[in-house]
Structures are given as structure tokens and as C-alpha cells.
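As a plain string of letters, each chain reads:
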Amino acid sequence: MLAGAASGRLRAAIVPVTILLAACAPLPTKPPLTAYSMLPAVQYPSPNFNERRPGFVILHHTSDSNAKDALGTLTRSSAEVSAHFLVARDGTLYYLVDELKRAWHAGPSYWGGEIDMNSNSIGIELDNDGVEPYATAQLEALMTLLADLKVRYRIPVANFLGHGDIAPGRKVDPGINFPWKRLAERGFGLWCEPPYEPVPANLDAGSLLGVLGYDLSRLDAAIGAFNRHFAGIESRVMIEENRARLNCLVMKKTSGQPTQDAGNGAAKTR
Ligand SMILES: [Zn+2]
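Residues numbered from 1 in each chain as written. Predicted model: local features only at pLDDT ≥ 70, side-chain atom pairs only at ≥ 80, totals over all residues.

When helices and strands are counted, the chain shows nine helices and five strands. Scanning the chain from its N terminus toward the C terminus, one meets helices and strands in the order α-β-α-β-β-α-β-α-β-α-α-α-α-α. Looking at the chain as a whole, 33% of its 270 residues are labelled buried. Excluding contacts between residues fewer than 6 apart, the proportion of contacts in the chain whose partners are at least 24 apart in sequence is 66%. (Helix = DSSP H or I, 4+ residues; strand = E, 2+ residues; numbered from the N terminus. Buried ≥ 20, exposed ≤ 12 C-beta atoms within 10 Å, placed from the backbone. Contact = placed C-beta atoms within 7 Å.)

Below is the structure:
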């Protein structure tokens, strides 16, 4: 399995470079924005910085029948699409784009007020045609990778999502066959099971979906995305049981699920 070894080597390679840059990287000769170019700025570098870090993981399926075809698409310039990782059916992990760079995997997207998910997420493609079940070796490799990302970037439990969640009506991946419950049992994503608390009648599905994070510009599409992810059904109708499930998820999210290392290493303003 490449997951642990590959990420370990990458960390070993990246950390010294980061330290070096923090110590001596010069500022650009001019701020990059055109509007600022008319405003003189005094260059006064501070050593107190590091790389920005992703706060979400977005899962996809490739819709291809094999990893080789998917790798071809994800690395062809004219396709203008990529991801940070691809996990093959046999569990082989491919590392395509530097985790600290902006891979092109999400496209137009929205979650909880964020409108540029490419800028704040790690994108992971799963070698799956969208119809078949996910392979066991692939899921085990994925969860090894997720555990590593969760710790290193302090990604909140609620921030493991599918492309379909952040682009409802436009995307459906990783699809109806993806085992979100199994991931949630390992701490990747929220989950709720019955019995549920009674839901006040005035808490409509749209309001609850908005609090959870969904784009409400097309409510039926948001309901469809929610049902696919959290209820395992293809439907754009919110039945009462799933409104209660949704309310349970909102309560979990707003009660604040801890991150893997909350309180550890997050001192001061870093
Ligand atoms: Zn996708």
C-alpha cells in the first residue's frame, strides 16, 4: 500500500522546504492585485506564517471502468480536471497534485457559505464507474488516507463530503453505492440513525438543509443530494423520517463535533 509510505516521504520532503521558506522567502516585489499596484506598500516581511491548509475533503468517483483511463483524463492538460489523489479499485494510491496546491476537482460549488471548494479542500477520486459497488481494498486504502489527512490538517468530522453534496443537481458522485455510514463509523463525516428526536413543525427541510451546508438555490436538487448521501435513496422528496434524520445531523453539526486533535497544536493564532 502506498498510502502511509507515500505520505510519509512527502512530509519528509515538504517540511524542511516549508521551514526554509518561512525563514527566508522574500515578498513579491509588488502585491499581485492590480488595484493595489497604484498604492505604494512598504515591504516589511514577517517570519510568522506557513502554508494555508485545506479544511474539507471532497470525494468523487471517476465514472471510468479502470484507473488507467482515469489517470489519463486527470493528467491531460486539455481536460482541465484533476484531483489530489486517485484511489484505484485494488487500493493503489496515486498522488497527482500537491496537497497544498489547488486541484481542479470541484468546479462551481457551495457548502455552508463557501463558494470556492477547490481552494479549501483535498479532492479524492475513486476508481469506480458509478454503478458498481466500491471495492473493499479501495475503501481500506481510502480510510487510511483520510485518517492521515484528518490528523495533519485538523479536518472537522462534518467536513468529509461528496461532490454531489457541494454541487447538487450538477453532480452525483461518489453516488448511491458509496458507504457513507462506514466512513462515519471511522470518524469521517456525520451520520444519524433512528430513533430520532421529534422535529418542530416550523423547522422546514429547506432551513435545515441550509444549516447543514447545502446550496438552496435549487431546493429539490439539495433534497436529492441529501437523500443520496444520508438516506441511501434516489429521491427529491423529503419524507418525514428523513426530515428527522436531517434535524439530527444539524444538531450534531451545531453542537460541534471535535476534530481529531482539538486543543493539540492549535495554540495562539496559528
Ligand atoms: Zn466529482
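Before going further, it helps to examine the packing of helix α7 (residues 205-212) against helix α9 (residues 240-255). Direction vectors running N to C along α7 and α9 enclose 35°, while the axes themselves pass 9 Å from each other. Crossing of α7 over α9 shows left-handed handedness. Across the interface between the two elements, A205, L208, L209, V211 and L212 from α7 touch R243, L246, N247, L249, V250, K253 and T254 from α9. By residue class, the composition of the contact of α7 with α9 is eight nonpolar, two polar and two charged. (Axes fitted to C-alpha atoms, helices over the stretch in contact; angles between N-to-C directions. Left-handed = near helix turned anticlockwise from the far one by under 90°. Nonpolar A, V, L, I, M, F, W, Y, C, P; charged D, E, K, R; others polar.)

A few words on the pairing of strand β1 (residues 56-61). Of all six residues in β1, six are buried, a share of seventy percent or more. Judged by which residues are buried, β1 turns out to be covered on both faces: F56, I58 and H60 on one side and V57, L59 and H61 on the other are all buried. Two strands pair when backbone bridges link them, and β1 and strand β4 (residues 121-126) are joined in this way by six bridges, in the parallel orientation. Among the inter-strand pairings, H61 is bridged to a residue of β4, identified as L126. Taken together, the three bridges between β1 and strand β5 (residues 160-162) define a ladder with parallel strand orientation. Note on β5: the bridge partner recorded for L59 is G162. (Pairing = 2+ DSSP bridges.)

Another aspect to go through is helix α2 (residues 67-75). If you check which residues of α2 are buried, you get A67, A70 and L74. Looking straight down α2, one finds its buried side chains confined to an arc of 60°; they lie on one side. Turned more than 90 degrees away from the buried face of α2, the exposed residues are K68 and G72. Lining the buried residues of α2 we find β2 (85-87) and β4. (Arc of directions from axis to C-beta.)

This paragraph deals with α9. Here α9 spans 23 Å end to end across 16 residues, near enough to the 22 Å set by a 1.5 Å rise per residue. Listed as buried for α9 are R245, L246, N247, C248, L249 and V250. (Expected span 1.5 Å × (residues − 1).)

A few words now on the packing of helix α8 (residues 219-231) against α9. At a minimum axis separation of 11 Å, α8 and α9 run at an interaxial angle of 80°. Considered as vectors, α8 and α9 are oriented roughly perpendicular to each other. Touching F226, N227, F230 and A231 of α8 are N242, R245, L246 and L249, all from α9. The residue makeup of the contact of α8 with α9, split by class, is five nonpolar, two polar and one charged. (Parallel < 35°, antiparallel > 145°, perpendicular 65-115°, else oblique.)

Looking along the chain, the bond that leaves D173 and enters P174 is cis, with omega of 10°. Put simply, P194 and P195 share a cis peptide bond, and its omega is 5°. Its place among the elements puts P195 in the loop between α6 (180-185) and α7. The phi dihedral of S63 is positive, around 70°, even though this residue is not glycine. Assignment of secondary structure puts S63 in the loop between β1 and α2. Given 17 C-beta atoms within 10 Å, S63 falls into the partly exposed group. Of note, E80 is a non-glycine position whose phi angle comes to about 50°, a positive value. Within the secondary structure, E80 sits in the loop between α2 and β2. Here E80 falls in the exposed class, since 8 other C-beta atoms lie within 10 Å of it.

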